[in-house]
Every structure is written in structure tokens, then in C-alpha cells.
Amino acid sequence: MSYFIKKMSRRKIVQALIALPALSLFRNQSAVPNPNGIDPDEIVEVNGWILKRSDLA
Amino acid sequence: MIFDSYEAYKQASFKPKVCILGSGPAGTTIARKLGAAGIPVAVLEAGSREFSDESQDFYRGTTVGDYYFDLDITRLRFMGGSSNHWAGWCRVLDSQDFEPKAWAPDTGWPISRADIEPYLREVHDILELPDFRPDVPISDDIRWVQLIKSPAVRFGEKFADELDRSKNIAVVLNTYATELAGDGRRVTGARLWSNGQDAGAFTADYFIACTGGLENSRLLLWSNQRSNGGVVPNAAALGHYWMEHPTFQGGNAILANYNEFEVDASNEAFFSPTLAAMERLRILNFGVRLIESPYPNVKRLIADLACTAPDMAEWMSSQLDQRLRCAAQLYVAWEQAPLASNQIELSKTDVDHAGVPRIELHWKKSPLERRTLLEGLRLFGTTMAQKNLGRVRIDDWVSNGGDYPTNEETAGHHHMGGSRMGTDVLKSVVDANCKVHGMDNLYVGGSSVFCTSGQCNPTTTITALACRLGDHLSKVITV
Ligand SMILES: Cc1cc2nc3c(=O)[nH]c(=O)nc-3n(C[C@H](O)[C@H](O)[C@H](O)COP(=O)(O)OP(=O)(O)OC[C@H]3O[C@@H](n4cnc5c(N)ncnc54)[C@H](O)[C@@H]3O)c2cc1C
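Scope of this entry: the structure provided in the associated data block. (Residues numbered from 1 in each chain as written. Chains lettered and ligands numbered in written order. Predicted model: local features only at pLDDT ≥ 70, side-chain atom pairs only at ≥ 80, totals over all residues. Heavy atoms only, no water.)

## A closer look at the pattern of salt bridges
Residues and elements named next belong to chain B.
For step 1, the next point in the chain: Overall, the coordinates contain 35 salt bridges over all chains when judged by the stated rule.
For step 2, the next point in the chain: In this structure, the salt-bridge partner of Lys33 is Asp471, at a minimum N-O distance of 3.4 Å. With a gap of 438 residues between them, Lys33 in helix 2 (residues 25-36) and Asp471 in helix 12 (residues 459-476) connect regions that are remote in the sequence.
For step 3, the next point in the chain: Accessibility expressed as a relative area gives 15% for Lys33, which makes it buried.
For step 4, the next point in the chain: A relative accessible area of 23% places Asp471 in the partly exposed class.
For step 5, the next point in the chain: In this structure, Arg280 engages Asp141 in a salt bridge whose closest nitrogen and oxygen atoms are separated by 3.0 Å. One end of the pair, Arg280, is in helix 7 (residues 275-281); the other, Asp141, is in the loop between strand 6 (136-137) and strand 7 (142-145), and 139 residues separate them in sequence.
For step 6, the next point in the chain: Since its relative accessible area comes to 15%, Asp141 is described here as buried.
For step 7, the next point in the chain: Within this structure, Lys33, Glu122, Asp471 and Lys475 form a network of salt bridges that share partners. (Salt bridge = Lys/Arg side-chain N within 4 Å of Asp/Glu carboxyl O. Helix = DSSP H or I, 4+ residues; strand = E, 2+ residues; numbered from the N terminus. Buried < 20%, exposed > 50% of the residue type's maximum accessible area, 1.4 Å probe, protein only.)

What follows is the structure, given as C-alpha cells:
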């Protein structure tokens, strides 16, 4: 479970983030609709987390 | 006037029209209203000016069912009552709390919130509250509500000088009303215990029981037993429908911007359901309280999220770098279903020093409440995600239907019901004016008259109801 955190320092995560295309999360705009008809804004409950389907990408 | 003993009071030859039992928020507020209206009132207070173990011992009792606090810990027995250690969280019951809910039996009050609103200005002065802001809907399902942390007014301290100076109010300390005597229409007197012994009968034209949300039922049950039903002639509901606000940590949240919801120095924010959401899901009212998480918890939470939604966890890690406040523990306090089986009984084996049976409290949380907790957290989590305000993780014990944790807050020390208000004498004890059904001169003050509990702390509503009762009696009683 803590593998991800152990593996990457926080500095590295931030650097990686800068390099990544901006995430749609926490921004007041919907993610691009999925051509398969899956709604990225659909709310799902996974391992106790209440997430948008797009969070699972 | 304040008398430190019943002996001292007797020397004063004061002739009260009204006798109030108990000097907590309810009793003190009613006394001040009556005193201001020129009505002579005696306030009999079982305890003294200070805490004492001897006085607290009269409050011991037992609980059957779910774990609950010791009954001598969850309240205080001296001048000012439990206001001597209340936390000061204030909010009035919502309008919807007064309305019957088709999906929850025995809900609904015979009054509406509009009936107590005229008294809220006075309540704000008494509790030293700024004005409440209106609720902020953040979705169709969830309201961002306000609880104000008042300076936690200690009624005994705040009003001691005023009560001492009053010519119309006599506060009589160390004077325990062990029982009321009645003939089925009127209370004819109160039996007193003072200085370690029986102190005879006390008479007045009117009596108001304000001994707290557990003790009112005990006093009335014992009085009724001793006078063969002469004090509460319609006693079917007496002691029943007792309620608390169960309170547990039910999850955690990662927030996009914690500051968005900051309310005050206490750093906590509160969320409740809309009536439409309660109706749709057939649940009760609840309050989700956000409490800022300590840093190690945040790391654990993000690590957990990384297993399910790695991108999201990355984003959160970056947030953590930029600002330290980005996660919160979610505490949920919820409305209890009013159940006749949650009740105060008199112990058959255990009595206090004055010979009065102690309380046996029967208390269990119901399946409807369990559903309220789970669905409430889901509603809150869904709103947070839909509005991109954050993400919520519900604790496993809540999702999986596990046992309630034993190392948690458990409840609010809010003792409600037992002599509830209503029109049906089989399901209530007092009428809309807090007068005991069938009795001409017996009233009840405090949260024992609550029909439902809502989700918020009770003392603001108790004080409003006390102002209302004081006003009503000022008009009814002629001097
Ligand atoms: C730890 C704690 C925290 C709390 N925090 C909050 C909060 O943040 N917000 C909130 O709204 N509420 C809070 N409460 C609840 C609040 O304290 C009560 O709702 C409030 O004090 C009830 O007022 P009352 O006048 O009805 O009863 P009480 O305050 O219980 O007063 C009853 C009085 O009657 C006296 N008495 C009892 N029996 C007799 C008798 N037979 N004869 C004569 N006198 C008698 C007692 O000594 C006492 O002085 C808290 C309570 C506790 C214990």
C-alpha cells in the first residue's frame, strides 16, 4: 500500500507532476467524454473511496 | 436571592408562586423570565455552588444495551447544571427537524421552528452568540451548516449576581426535590431532602421540572409511582423515546482547498443533508464534522489512495508540498430514531442516599441510524467528488457493517426525550406548552421534551424553549 510513497520522494512527485499534462482532477471542468460511452464523472466507490471514474485512470 | 441551605431560605419567609426544580440553562432561563415579570419564584437546586463528589453520587446509574458514558460523568449536579462543562457548540434545530417524517415513526413536533424563532434574539444574548449565517447549499443533497462555538456560558457563574440581587427569585442550594406529590390534576407539593435528611414538603402554585434530560424522567417516574399516577396521569410515554447524538469518526477526506470551508478558530466545518436527500434515501438528519488531520494521517491516507487512484494520489502529494492543511477526519453525529424501547427506568435494586431509585437507562442504536451513517457519508463523499471539492474515504467498519468502535466519542452528552411533547397522550407526556397532560400546574423544561433530536447540540433549542415557556407562564400566572 505504501509502495508508491516509499518509492518516490515528494520532490520527485512534484517534478513528475510538472512534466505531466495537467490533471483534470479538482478543476471545475469535466474530463473529456470517453468514446466508449463511459461517463468519467460517474461516482464509484472503490476500497471505501468515493471517486469519479476518471480518478481511476 | 441565593440561599446556601433550605434552613436559611426558610428564615426569609419568601412566598413563591412558582417552584422550579433545577438551576441549569432551562431552570435559570425560566426563573429569570418569571422574575422579570414580577412573579415570585423559588429555584430548588440539589447541588451547591461548586462541584462535589457527594452530590455527583446521586447521579450514578446503569446503562443496558449499547455502551454509554457513566451517568454520573455525563452531567453535573450543582448550580448551573451541565453548563458548567458544556463545550458551547450552538445551533437551533432545523425547521425540518420539527416535521414528521413518513419513513421514521413517531417523528414530528406539535410546534414548528417558527414557534421558537421569536425567542432567538434573547437566546443570542443569553448564550453570547453572534448571528447565524444561513445554510449554504453545496449540492442538491448537502448543506454547509453553521454551528457557532459560544463562549460556553456557565449559567451559575454568569447569572449568580443577577439572581442574588433579584427580589423575585430565591435560589435555594443544597435542596434536592426527591419527589412531587399530586392528585391527578395538580401537584400538591414537593418532598425535599436537605442536609442529609428529609426536609418536609414544599408548596407553590406551579411546579416546573428542569432537572436535566435524564433526571426529569427519573423524578417524574418516581413521583408517579409514589402518588399512584397522581403526577403524570397519562404515563404511557413517560421515560420512553430517549435519544442522544451518537458520534463516531466514519472516514477521512482529502480536500482541494481546506480554507474553502474554514469557519472559525476551531477549524471545523459542518455539513448536513437537505430534506430532499433525507426523503429520497429515507434517512435521518446528520452532521459531518471536518476536523483537520495531523500530518502522519495525511501521508497514510495518500498512500492508501495511491492503491486505488494513483494519479489522484500524485496530485495530493503535490498539494501536501504546497500547503500542509489538506486532509480532514470526518466525524459524524446523527439524529436518533425516536424509539419507545430507548427508555429510562427506575432501578429495582439500587437507590441513592435519599432512597430514590437510580436510573436504569436502556439505550440502543437502531438499523435506521446505521443506514443514516453510511448513506450520509456516501452523500457527502459524492458531493465532494462531484463538485471537485475533495475525495472521501469511508472507514471499513462503516462500509462493512462492523461493530461501532469503542475508543471513540460515542455520543454528545445530549440527553433528549423521556417526557416528550405531543398531542397523543399515549406517545407524549407534555403538550405544546410543556404542560404535563392532564395536570393543571406541572410543566417540564429542558431537552426531555424534545420529540426528535435533529443533528445539532441541544442547548440553544433548550434555551429558546425555556424563554417560550417563561413567556407563556408570565401570561398565564396572575400575581
Ligand atoms: C461534556 C459535555 C459537553 C456538552 N457540550 C455541549 C455543547 O457543546 N452544546 C450543547 O448544546 N450542549 C452541550 N452539552 C449539553 C448541555 O450541557 C445540556 O444540554 C444542558 O446543560 C441542559 O440544561 P438543563 O437545564 O436542561 O439541565 P442541566 O444542565 O442538567 O441542569 C439540571 C440542574 O438540576 C439540578 N437537579 C437535578 N435533579 C434535581 C432535583 N431532583 N432537585 C433539584 N435540583 C436538581 C442539577 O443539579 C442541575 O443543576 C454538553 C454536556 C456535557 C456533559
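Structure's up, so let's keep going.
## Considering the site of the ligand
All names here are of chain B.
For step 1, the next point in the chain: In the region of the ligand, 35 residues are neighbours, and Ala26, Glu45, Ser82, Trp89 and Thr459 sit closest.
For step 2, the next point in the chain: Between the ligand and Glu45, the relevant distance is 2.5 Å, taken from an oxygen atom to a side-chain nitrogen or oxygen of the residue.
For step 3, the next point in the chain: Here Phe78 contributes a backbone N or O atom positioned 3.0 Å from an oxygen atom of the ligand.
For step 4, the next point in the chain: Considering the ligand on its own, with 1,000 Å² of exposed area, one finds that the protein chains cover 94% of that surface. (Near = heavy atom within 4 Å. Polar contact = N/O pair within 3.5 Å; in protein donor to acceptor, adjacent residues only side chain to side chain. Areas by Shrake-Rupley, 256 points an atom, 1.4 Å probe, with all protein chains shown as cover.)

## A word on the sheet that holds strand 13 (residues 206-209) of chain B
Residue and element names in this part refer to chain B.
For step 1, the next point in the chain: Sheet architecture is open: 6 strands sit in the order 1-9-3-2-13-21, paired in parallel fashion. The open sheet is flanked by strand 1 (2-3) and strand 21 (442-444), the only strands paired with a single partner.
For step 2, the next point in the chain: Here strand 3 (residues 41-44) runs beside strand 9 (residues 169-172); their pairing, made up of 4 bridges, is parallel. Pairing of Val41 across the sheet is with Ile169, part of strand 9.
For step 3, the next point in the chain: Helix 6 (residues 215-226) rests against strand 2 (18-21), strand 13 and strand 21 of the sheet, and its axis sits at about 155 degrees to strand 21.
For step 4, the next point in the chain: Those strands touched by helix 12 are strand 13 and strand 21, and its axis lies near 160 degrees from that of strand 21. (Pairing = 2+ DSSP bridges. Contact = heavy atoms within 4.5 Å. Axes fitted to C-alpha atoms, helices over the stretch in contact; angles between N-to-C directions.)

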